[in-house]
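Here is how the chains run, residue by residue.
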Amino acid sequence: MSLLELNDVSKRFGGLMAVGRMTFRLEKGEILGLIGPNGAGKTTIFNLINGYYAPTEGTITFRGERIDGLKPHVVCIKGLARTFQVVKPLARLTVLENVMASAFCRTDHREEARRIALEATAFTEMEQWRDRLAGGLPLGMRKRLEMARALATRPELLLLDENFAGLNPAEVEKTIEIVKKIHGSGVTILIIEHNMRVIMSISHRLVCISYGEKIAEGTPREVADNQQVIDAYLGVARA
Amino acid sequence: MNRKAIFAATGLALLAVFPLAVQNPYVLHLLIMTLLWVLLGQAWNLLGGFTGQISYGHAAFFGVGAYTTGILVKSGLSPAAAWSGLLLGGLMAALIASVIGWICFRLRGPYFSLSVLALAEVLRLVAVNWKQLTNGAEGILYIPAFRSKAHYYWIILAIAALAFVVIRAVMRSKLGFYFLSIREDQDAAESLGIDATKYKLYSLLISAFFTGAAGSFYMNYLGFIDPGIVFSIADISIMMILVTILGGAATLAGPIVGAVIYILVSEFFRVWFKSGHLIFFGILIIVIIIFFPAGIVGTIKERRAGRKLRRAGAARESAAA
């Protein structure tokens, strides 16, 4: 049994097929990269897995259990956390309070939530930022706060949505290190990323989608050499 | 006990013995009305300030609380026994709230705000037209249980203090963190395991309970209500919002400051301008919103936090140098 399975998942918005018959599996302990041109439907897939949308057709199972159609908070409690590409900090709360709010997912006690939040902020190397209001953070730290918050819910599977976008080279290196650390602690990761150097170096496998459909799947090397993938990114030359 | 707790306990003790020193009924009346508005402000603030669910119709809950008590007396209960309406009025308000919350909180945006506004109007019309139950537009009149204002003062002081303590405890618990998360970003909150529909409803229930208890106190204290008074959009629903915003929404002290200023300003100008006095409160609100958008307490807090941050920054720089 795979940790996460998408079987023939489709999502239609009126006449637009945003995701069509998407099928892939994610094994426990894997880092799977999801790539594709802008508008291909990557974030929609995250929204389907996380419960923000219900699929029009198809099933999604997590640990052998159907999760399609469940509400996001239920999916989170089952052990599946996500970050947002367009960061959503709780602006008028401090960094620590942000992370505590999500730590309450696993405890009812304030002190325990605080302990988990201290741990998660230390893990993501945000110690110096704990008392700052989240709304005043620079972008790099907001992206990292997304990860700290998701971690504080103690996920088994973490969905990372473009956590590298807009970071400077030093921050990119630091974030790679943190993602590897998260993976090392036993969390399975599904990651959307445009930065090819990053995604090629950290993913075990890649799934490439275009116009809502899977066009390639395999090791990073295989996918990068796939002619359909190259065409999707660069366009097809017409003689 | 920390300094804040000692300060609060001393303040409460001083407030409690105040009627022993001052028996002037006018002064006591002003204090009672101030405490009533502290209570109303706290109740609105929990839902509107901390949870971010703006209600334009809290008069619905105030009126239900008031009418619960009024109807109890009308149907034969002695005015003294009508104090049980404090609890019952609160519970009735929470019951009505649970229905509207259960329906509206599945949706986002202005649906709740507007539905509760409509609810207050519907209840006002019910109170006007269901004459056997409510005496219609004539209202309900009875002789209150106590002659001395001190009794009323102690009762409202106790309820307002209770509301403050409860809301403070709530805001420090998981519940409070969840309320704030929902206010800041409902999508983020839900993806972090928070059942937004449920927790918005919890916030509304606590808020409606205290508003209903306030309405019941109002009936017990003044001995007269009619639908136009207790279901008033301007005098109750909107005033609850203004008192909170004036003092500082989403702060515990804000509604206290807002209530004190509201009663002082309206009494001060009432002497010369009769019912025109509200204009001055309105002008004050406009000035506050333009220059101190976070309210009085909110602005003070922001400035303090800003100073602390700058000091910390300066300390880091000098350490680095």
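Residues numbered from 1 in each chain as written. Chains lettered and ligands numbered in written order. Predicted model: local features only at pLDDT ≥ 70, side-chain atom pairs only at ≥ 80, totals over all residues.

(A) Seen up close, the confidence of the model for chain B. Residues and elements named next belong to chain B. Per-residue confidence for chain B averages 91 on the pLDDT scale, and 97% of its residues sit at or above 70. Here helix α15 (residues 295-320) stands out as the least confident element of chain B, with mean pLDDT 78; helix α10 (residues 196-222) is the most confident, with 97. For this predicted complex, the interface confidence score (ipTM) comes to 0.91, while the overall pTM stands at 0.92. (pLDDT = per-residue confidence, 0-100. Helix = DSSP H or I, 4+ residues; strand = E, 2+ residues; numbered from the N terminus.)

(B) Seen up close, the packing of helix α8 (residues 174-184) of chain B against α10(B). Residue and element names in this part refer to chain B. α10 packs onto α8 with a crossing angle of 110° between their chain directions and a minimal axis gap of 10 Å. Here α10 runs roughly perpendicular to α8, going by the angle between their axes. Seen from above, α8 lies across α10 with left-handed handedness. In this structure, α8 uses L175, Y178, F179 and I182 to contact α10, whose residues at the interface are A196, Y199, K200, Y202 and S203. Split by residue class, the contact of α8 with α10 holds seven nonpolar, one polar and one charged. (Axes fitted to C-alpha atoms, helices over the stretch in contact; angles between N-to-C directions. Parallel < 35°, antiparallel > 145°, perpendicular 65-115°, else oblique. Left-handed = near helix turned anticlockwise from the far one by under 90°. Contact = placed C-beta atoms within 7 Å. Nonpolar A, V, L, I, M, F, W, Y, C, P; charged D, E, K, R; others polar.)

(C) Spatial organisation of the interface of chain B and chain A. At the junction of the two partners, chain B supplies 17 residues and chain A supplies 22 residues. The element best represented in the side of chain B that touches chain A is α8(B), accounting for six residues. Class assignment for the residues of the side of chain B that touches chain A results in six nonpolar, four polar and seven charged.

(D) The domain arrangement of chain A, seen in detail. Residues and elements named next belong to chain A. Structurally, chain A comprises domain 1 (1-79 + 156-239) and domain 2 (89-154). The gap between the C-alpha centroids of domain 1 and domain 2 is 24 Å. Across the contact, 10 residues belong to domain 1 and 12 residues belong to domain 2. No other element matches the four residues that helix α6 (residues 169-184) contributes to the side of domain 1 that touches domain 2. (Domains from an automatic or database assignment.)

(E) Representation of the packing of helix α13 (residues 254-273) of chain B against helix α14 (residues 278-291) of chain B. Residue and element names in this part refer to chain B. Taken N-terminus to C-terminus, the directions of α13 and α14 make an angle of 140°; their axes are 8 Å apart at the nearest point. By the angle between their directions, the pair α13 and α14 is classed as oblique. Seen from above, α13 lies across α14 with right-handed handedness. Contacts between α13 and α14 pair Y262, V265, S266 and F269 from the former with L278, F280, F281 and L284 from the latter.

(F) Representation of the pairing of strand β3 (residues 31-35) of chain A in the model. Residue and element names in this part refer to chain A. Among the five residues in β3, five count as buried, and that is most of the element. Going residue by residue along β3, you find I31, G33 and I35 tucked away on one face and L32 and L34 tucked away on the opposite face as well. Pairing analysis gives four bridges linking β3 to strand β9 (residues 205-210), with the strands arranged parallel. Paired with L32 across the bridge in β9 is R205. (Buried ≥ 20, exposed ≤ 12 C-beta atoms within 10 Å, placed from the backbone. Pairing = 2+ DSSP bridges.)

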